[in-house]
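Structural description and commentary
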Amino acid sequence: MDDRKQEKRFAVLVDAENVSAKYIKYIMDEISGYGDVTYKRIYTDWTQNQSSGWKAVLSEFAFSPMQQYSYSAGKNSTDSAMIIDAMDILYSAKVEGFCIVSSDSDFTKLAIRLKESGMMVIGMGEQKTPRAFTAACNVFKYLDILAESDSEEEKTNGRGGEEKTLTELKAINHSILNILSDREDDEKPLSIGELGNLLIKRYPDFDVRNYGYSKLSKFLENQSFISLKARGTIIYASLTGGHNEDILGKEIIDIIRSSGGHMSLSRLAQKIKDNHPDFNVRDYGYTKFQNLIQNIEGITIKSHMGKQTQKTVELEKEK
């Protein structure tokens, strides 16, 4: 993406007690796109058998092994060593960025501290990585997703029962809708490179490969509410006129149908809010939710008199 600057120098610090050596190729391939790696260190207790996988890749990728003894059983002994070294490297002023490789939330505070000092922080770990750590980084890469494209076997190893924190596609699409809506209000075109950068700022784990695409342009092409136009070598994104309301209308009809063909207007509004936390009816050109519903073909709003007037929405019977 556009924010990748080759002149940046990076320190790559790997928590070998928390990440498998099978990901080393993906770690180095990803970081190479952001700059030059000047520090390459792997932290673990090298006297233990579980470190044998990392021993095999030390010389091939020219990493320095950093010894940290396990003083307590079941505890990750590398955390403090990595944090101390990271701060030493920070104060040396010899790098502009850090790559912290771990799925451990204990590095959240470190990532925040490094960013406060003007460092670019790239995190790498598996999908089990807690949201706090992924959000603390400028960019976060899921190594198990990167590896899936090369090996179906690795796709399921060690991931049973683990909670996935990957940002859902519907959240990404809703942000895109809001970004493009704001830009259209300003009447300023938005390039897909700039759009990608804005998404990464909102969701550090955003990477189109997480959703099965190889390029940002292909990902955007397959979102039905987005139109792409090329001007010279730059591709710009915009909303497909009137299509967003059509998509929302279909969703609303499905919600009503799943409730037996009718439901209260207030309950429907809450359902939409639950599905789209950032939903704002003004984004669709209306001041009231009821006005939006009235313009969806196949839906009728009825008022029921009582102590308080209740309004329900019903699907019209097909003729």
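Please read all numbers here as calculations on a predicted model, not as lab measurements. (Residues numbered from 1 in each chain as written. Predicted model: local features only at pLDDT ≥ 70, side-chain atom pairs only at ≥ 80, totals over all residues. Heavy atoms only, no water.)

A word on the sheet that holds strand 9 (residues 234-239). Read from one edge of the open sheet, three strands run 7-9-8, paired in antiparallel fashion. At either end of the open sheet lies a strand with only one pairing partner, and these are strand 7 (190-191) and strand 8 (226-231). (Pairing = 2+ DSSP bridges. Helix = DSSP H or I, 4+ residues; strand = E, 2+ residues; numbered from the N terminus.)

This paragraph deals with unusual backbone geometry. The phi torsion at A62 lies on the positive side, around 55 degrees, for a residue other than glycine. Looking at the element boundaries, A62 is found in the loop between helix 2 (52-58) and strand 3 (64-67). Looking at A62, the relative accessible area reads 52%, which means it is exposed. (Buried < 20%, exposed > 50% of the residue type's maximum accessible area, 1.4 Å probe, protein only.)

Residues I27, W54, V101, L143, I176, F206 and F219 are the most contacted members of the largest nonpolar core, which totals 49 residues. Contact partners of F219, with chain neighbours within four places excluded, come to L169, I172, N173, I176, F206, V208, Y211 and Y213. Counting 25 residues, the second-largest nonpolar core is a separate cluster that includes L13, Y43, M119 and Y142. (Core = buried A, V, L, I, M, F, W, Y, C linked by side-chain atoms within 4.5 Å. Contact = heavy atoms within 4.5 Å.)

Right, let's get into the sheet that holds strand 11 (residues 299-304). Here three strands make up an open sheet; going across it, the order is 10-12-11 and the pairing antiparallel. Looking at strand neighbours, the two that pair on one side only are strand 10 (262-264) and strand 11, the edges of this open sheet. Going from strand to strand, the sheet's axes swing by 25 degrees on average, the running direction of each strand aside. In the sheet, strand 11 pairs with strand 12 (residues 310-315) via six bridges, with the strands oriented antiparallel. (Axes fitted to C-alpha atoms, helices over the stretch in contact; angles between N-to-C directions.)

A few words on the pairing of strand 6 (residues 139-142). Burial along strand 6 is two-sided: V139 and K141 and F140 and Y142, pointing in opposite directions, are all buried. The sheet contact formed by strand 5 (residues 120-125) and strand 6 spans four bridges and is parallel. Note on strand 6: the bridge partner recorded for G125 is Y142.

It is worth spelling out the packing of aromatic side chains at this point. All told, the structure shown has eight aromatic pairs when counted by the stated rule. Between F133 and F140 the ring centres are 5.6 Å apart and the planes differ by 80 degrees, which places this aromatic pair in the edge-to-face class. When its relative accessible area of 0% is taken as the criterion, F133 is described as buried. Ring geometry for F279 against F289: centres 6.2 Å apart, planes inclined by 85 degrees, an arrangement best described as edge-to-face. With F279 in the loop between helix 11 (265-275) and helix 12 (289-294) and F289 in helix 12, this pair connects stretches of sequence that are 10 residues apart. Residue class for F279 comes out buried when judged on its relative accessible area of 12%. One aromatic cluster is present, formed by F107, F133, F140 and Y142 through successive ring pairs. (Phe/Tyr/Trp six-rings, centres within 6.5 Å; stacked < 30°, edge-to-face > 60°.)

Time to look at the pattern of salt bridges. The full count for this structure, using the stated rule, is 12 salt bridges. A salt bridge links D29 to K25; the nearest nitrogen and oxygen atoms lie 2.9 Å apart. In this pair, D29 and K25 both sit in helix 1 (residues 24-32), four residues apart, roughly one turn of the helix. Among the charged side chains, a network of salt bridges with common partners joins E30, K141, D207 and R209. (Salt bridge = Lys/Arg side-chain N within 4 Å of Asp/Glu carboxyl O.)

What follows is about the confidence of the model for the protein. In this model, the protein carries a mean pLDDT of 82, and residues with pLDDT of at least 70 account for 83%. For the protein, helix 7 (residues 169-186) is the element with the lowest average pLDDT, namely 78, and strand 4 (residues 97-101) is the one with the highest, namely 97. Here residues 1-6 scores under 50 on pLDDT; set against residues more than four positions off or in separate chains, the count is 20 contacts. Counting interchain partners and residues more than four positions distant, the pLDDT-below-50 stretch residues 152-162 has nine contacts. (pLDDT = per-residue confidence, 0-100.)

A few words now on the environment of L180. One can find L180 in helix 7. Assessed through its relative accessible area of 1%, L180 is described here as buried. Along the backbone, L180 and A237 are 57 residues apart, and their C-alpha atoms lie at a distance of 7.7 Å. When sequence neighbours within four positions are dropped, the list of residues in contact with L180 reads L190, I226, A237, S238 and L239.

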